[in-house]
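# Descriptive analysis of the structure
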Amino acid sequence: MPTFKFPPPEPDESPANCRRCDLWAGATQAVCGSGPTNALIMLVGEQPGEEEDERGEPFVGPAGTLLARALHQAGLAREQVFITHAVKHFKWMARGKRRIQKTPTQAEVAACEVWLEQELVAVRPRVVVALGATAYRALTGQQRGFAEARASRVLERSGAALVVTWHPSAALRVPSVEMRRAIYDDIVAALRRAAAQAGMAPSSGEIAAPSASELPTDN
Ligand code: URA
């Protein structure tokens, strides 16, 4: 059984009416995980972005497009995996007319822990993939060690294997094409490791890596 550091949800409490932190106030809606509840692999990102906030679905913006491509290249279909975030409400700051994602604080991540834990208990994946440092921290409680965890092949989290890699947004943000490529390749390698660890045979749909010009920026 998971050990909650925060009180478990009340019967009438859900991410939709959660007031455990203040992020709900600036968000359109809570964005919960989506995918099959018997998925063998669960991917955990940081928090919804602007498009996810509006549509109520995880990873449907530019980072989601890149993630779908990486999944496909690793021989996995998006429909086969459960995709969620460490934090269910969009935290943002204004930049011109756009709302730009702002990293959640440790307290906000901790306040959201019950909802992630609830999804982990419901899905019981064989493998959890932490996409980025916030997900890594949420899943391990460790504030340090993201780089080392990424380099480790497979760790463990509540009985599931834990694979740690970059957040797809990183492959859209870094200015250097070489770095973007390295980040993208690391994500694909992590997803392949996750599939092997979950005992999933790669589908025949593997596709070529995107060219440098196909690794867009999110600006
Ligand atoms: N970043 C995330 O962690 N998730 C999304 O859905 C979009 C951006």
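Residues numbered from 1 in each chain as written. Predicted model: local features only at pLDDT ≥ 70, side-chain atom pairs only at ≥ 80, totals over all residues.

### Let's talk about the nonpolar core
Counting 57 residues, the largest nonpolar core has Ile41, Met42, Val44, Val127, Val129, Ala130 and Leu191 as its most contacted members. If one sorts the elements of this core by residue count, helix H8 (residues 177-198) sits on top with 9 residues. If we ignore the near neighbours within four places in the chain, the residues touching Val129 are Ile41, Leu43, Val44, Val163, Thr165, Ala190, Leu191 and Ala194. (Core = buried A, V, L, I, M, F, W, Y, C linked by C-beta atoms within 7 Å. Buried ≥ 20, exposed ≤ 12 C-beta atoms within 10 Å, placed from the backbone. Helix = DSSP H or I, 4+ residues; strand = E, 2+ residues; numbered from the N terminus. Contact = placed C-beta atoms within 7 Å.)

### What to know about the environment of Val123
Counting through the fold element by element, Val123 comes out in helix H4 (residues 113-123). The spacing of Val123 and Met42 is 81 residues in sequence and 8.0 Å in space, taken between C-alpha atoms. Setting aside anything within four residues of it in sequence, one finds Val123 in contact with Thr37, Ala39, Met42 and Phe82.

### Quick notes on the sheet that holds strand E2 (residues 82-85)
Backbone-to-backbone hydrogen bonds pair the strands of a sheet. The strands run either parallel or antiparallel. Spatial ordering of the open sheet is given by E2-E1-E5-E7-E6, a layout of 5 strands whose pairing is mixed. Two strands close off the open sheet at either side, each with one partner strand: E2 and strand E6 (155-157). Averaged over all pairs of adjacent strands, the angle between strand axes in this sheet comes to 30°, irrespective of strand direction. Bridge analysis of strand E1 (residues 41-45) against strand E5 (residues 127-131) gives 4 bridges, and the strand direction is parallel. Paired with Met42 across the strands is Val128, a residue of E5. Here H8 sits on the sheet in contact with E1, E5 and strand E7 (160-165), set at roughly 170° to E7. (Pairing = 2+ DSSP bridges. Axes fitted to C-alpha atoms, helices over the stretch in contact; angles between N-to-C directions.)

### Some remarks on unusual backbone geometry
A positive phi is found at Phe59, a non-glycine position, where the angle reads about 50°. Assignment of secondary structure puts Phe59 in the loop between helix H1 (50-55) and helix H2 (62-73). Residue classification places Phe59 among the buried residues on the basis of 25 C-beta atoms within 10 Å. In this structure, Arg124 takes a positive phi of about 45° despite not being glycine. Assessed through the 15 C-beta atoms surrounding it within 10 Å, Arg124 is described here as partly exposed.

Distances and angles like these do not, on their own, reveal function.
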